[in-house]
Each structure stands twice: as C-alpha cells, then as structure tokens.
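The primary structure of each chain is shown beneath.
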2 protein chains.
Amino acid sequence: MTTAETREESLSIGETAERTGLSVHALRFYEREGLLVGPVRRTTGGRRRYTAVDVDWLLICVKLRESGMPLADLKRFAELVRRGPGNEPERLRLLDAHQQRVDAQIRALEECRSVIAWKVGVYAEHLARGEAEGLWDPRA
Amino acid sequence: MTTAETREESLSIGETAERTGLSVHALRFYEREGLLVGPVRRTTGGRRRYTAVDVDWLLICVKLRESGMPLADLKRFAELVRRGPGNEPERLRLLDAHQQRVDAQIRALEECRSVIAWKVGVYAEHLARGEAEGLWDPRA
DNA sequence: CTACGATCTGGAGCGCGGTCTAGATCAAGT
DNA sequence: ACTTGATCTAGACCGCGCTCCAGATCGTAG
C-alpha cells in the first residue's frame, strides 16, 4: 500500500487534516486547547492516530466554528460530552443558543445583501445609461 | 438646546457614533486608515463635524464590514469614490464580487444551521425519552 | 543502511480590527 | 472663573485563532 493508512480505521494527522479541512497545525492546536472529546490515540512511536469518531467530532467542530462559535464555547461543549451522560440539557441549551445566533447572523447578512444589491443596482443603472453623466450622489 | 447639535446638519463624533453604531475610537481609526471618502470637516477648535453625507457613507461601511468585507477592500472602494467619476465599472466589480461572497456565506451558514439543527434534534429526542438511556453515540 | 518526508514538542509570531491610555484642549453650564 | 464632560493626538496594547519555526524523531521506500 503506497498511500499508507493501515486500513485499521485510523488516520494520520495529515490524512485527518485533508478530510476535515483543518490544517495539521490547527489539529494539534485544538487538541492542546482541549477541544477534543477524548485523548487522541498514539502509535508506539508517538504519532497521532485519529478514529472515525474523532473525525466525526472534528467535522461537527468545523461546522460550529464556521458558523462563528468561539473556541471557548466549543471547549465547553467538548467538556460536557467528555463528562458523559447526565448533562444533556446543558448541551442542548448550548447548541440551541448557538443556533439562535446563527439564525440572527443569517438575517443580518440578508439585510446586508439587500443593501449591497441596491448599491450594485445604482451602479449598474448608471453604467447602462452610457456613463454619460456622473452619479447624482457624489459619494455613491 | 441642551443636547447640542447646532442644527447645522452636522454631528459631533459622539453623535455620529450613536447613529452609526461605531465607537468614537473606530471612527477616528477609520479616518486614519483612509476609509472615508472626503476629509472630515472640523470646527475652529479642531473638533470633527460629520455631515449627512459622511454618515450615509459610514452606514454603507457598516453594512459592508458586517457582511465581512475586509478593511483593505473598503479602503480600495473609498479610494475609487474619492477619485471621482470614471471608475464606476471597477466600483461595480468590487461590490459585485463582495455580493457573491455574501451569498456564498449565507449558503454556508444555512448548511451549518441544518447540521446544528440535526444535532439539536438528536438531543431533544433523547431528552424527550426521559433521558433513561445514554445516547448511542458516545460522542454525540 | 540511507534518505527523505511526515510528524513530534514547545514556544514564538502574526494578521485583523479595533480598543485603550496619557496628557492636553475645547466648550458649556453655574 | 471654575468645573465637568466631550474631544483631540500619537502610539501602545489586546483578543482571537491560528500559523510557523527549530530541532529532534519516526518510518517507509529503495
């Protein structure tokens, strides 16, 4: 097998980086910061081996980060999961609060988009007229 | 008039901050960075006075920033406007490119939202069952 | 055995977008 | 005249989220 992988359902840090979109630096950083649920397994030589469960968790992390969840909240979430069953209500509250923020963010972006679209329209119309005259608003 | 304003259609930096949502620090910072189209007028005493045109531009800036436009692009846009008529196609390209990014961002956020919503659903369902048994996925 | 690329650790450094401080000045109320 | 609060400038500083470096080690292909 040329492209190592050992087929033991575990991946090297490089492969994990590829699959998650995170850099190897970021993966080590996340681990140091306590953002992973379990400790990452290691080979006898000390190299990290990521399981499918690790990768799934990382993919969730990526989505939460991408939608703006701060690392501190992600860490809190990881801690809750790490502590095991019993705190599901708190996990739910955390996710739910984040979802609200995402919704608000989407609404804000949509408003921005409409303002920008209007500006684009102003210029497009201006140019369609053959840019003969300057825009009425000197700062448009 | 107790709450100064002089009614000469110009605002102090503090009033401008209130109306735009930017801090007075940010207003001075934006000015230093060349993000404003024209030089801000000053009183004889050296205090800034913002006109309605200034405020309108700032409101656009706020929307562009809120939707993720980097200060460098905003600066570029301000420069184009400052140079006056003739470069409208370039302004349009700049805005249009940004709009594309905003659209992509909205789509990305919507995907994140659906992943999060699914996770929330998993927890909600689990809790509805009376949290009798742990989640099948130890890292959910 | 050798070589080369991937990975390791600890810690420094960075880009962005402001934020804050110090010390002075201005302007308005009393 | 005095006090009080807003504003001024220049420049230092900050939080976040990585990113990069040095120097050592691992591990696989040839």
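Student: Is there a simple way to explain the environment of Val120(B) in this structure?
Tutor: Along the polypeptide, Val120(B) turns up in helix α5 (residues 88-128). Every residue in contact with Val120(B), bar those within four places of it in the chain, is listed here: Leu92(A), Leu95(A), Asp96(A) and Gln99(A).

Student: Which parts of the structure should I look at to understand the protein's contact with DNA strand C?
Tutor: By nearness alone, 19 residues border DNA strand C, and Arg28(A), Arg47(A), Arg48(A), Arg47(B) and Arg65(B) come closest of all. In the environment of DNA strand C, a phosphate oxygen lies 2.7 Å from a nitrogen or oxygen atom belonging to the side chain of Arg48(A). Separating a phosphate oxygen of DNA strand C from a side-chain N or O atom of Ser23(B) is a distance of 3.1 Å. No other element matches the 3 residues that helix α2 (residues 24-32) of chain B contributes to the surface near DNA strand C. Looking at the surface near DNA strand C residue by residue, the class counts come to 5 nonpolar, 7 polar and 7 charged.

Student: Got a minute to help me understand helix α3 (residues 52-66) of chain A in this structure?
Tutor: It helps to recall that an α-helix has 3.6 residues per turn; residues three or four apart then point in one direction. A rise of 1.5 Å per residue sets the reference length of α3(A), with its 15 residues, at 21 Å; its end C-alpha atoms lie 21 Å apart and thus fit the reference within 8%. Backbone geometry just after α3(A) places Gly68(A) at a positive phi near 90 degrees.

Student: Whenever I open this one, the pattern of salt bridges confuses me. Can you help?
Tutor: Pairs may arise between side chains of opposite charge once their charged atoms sit close together. All chains considered together, the criterion is met by 18 salt bridges over all chains. Salt-bridge contacts for Glu31(B) lead to Arg42(B); the nearest nitrogen and oxygen are separated by 3.5 Å. Here the residue Glu31(B) occupies a position in helix α2, and Arg42(B) occupies one in strand β2 (residues 41-42), the gap between them amounting to 11 residues. Relative accessible area serves as the criterion here: at 22%, Glu31(B) is assigned to the partly exposed category. For Arg42(B), a relative accessible area of 43% puts it in the partly exposed group. Linking Glu31(B) and Arg48(B) is a salt bridge whose minimum nitrogen-to-oxygen distance equals 2.6 Å. Placement of the pair is Glu31(B) in helix α2 and Arg48(B) in strand β3 (residues 48-51), with a sequence separation of 17 residues. Given a relative accessible area of 18%, Arg48(B) falls into the buried group. A single salt-bridge network, built from bridges that share partners, covers Glu31(A), Arg42(A) and Arg48(A).

Student: Help me out: how do you make sense of the protein's contact with DNA strand D in this one?
Tutor: For DNA strand D, the set of nearby residues contains 21 residues, the closest of which are Arg65(A), Ser12(B), Arg28(B), Arg47(B) and Arg48(B). Of all atoms in DNA strand D that approach within 4 Å of the protein, 73% are sugar or phosphate atoms. Between a phosphate oxygen of DNA strand D and a main-chain N or O atom of Gly14(B), the distance comes to 3.1 Å. Here Arg42(B) contributes a side-chain N or O atom positioned 3.0 Å from a phosphate oxygen of DNA strand D.

Rules used throughout
Residues numbered from 1 in each chain as written. Chains lettered and ligands numbered in written order. Predicted model: local features only at pLDDT ≥ 70, side-chain atom pairs only at ≥ 80, totals over all residues. Heavy atoms only, no water. Helix = DSSP H or I, 4+ residues; strand = E, 2+ residues; numbered from the N terminus. Contact = heavy atoms within 4.5 Å. Near = heavy atom within 4 Å. Polar contact = N/O pair within 3.5 Å; in protein donor to acceptor, adjacent residues only side chain to side chain. Nonpolar A, V, L, I, M, F, W, Y, C, P; charged D, E, K, R; others polar. Expected span 1.5 Å × (residues − 1). Salt bridge = Lys/Arg side-chain N within 4 Å of Asp/Glu carboxyl O. Buried < 20%, exposed > 50% of the residue type's maximum accessible area, 1.4 Å probe, protein only.

Just distances and angles here, no functional claims.
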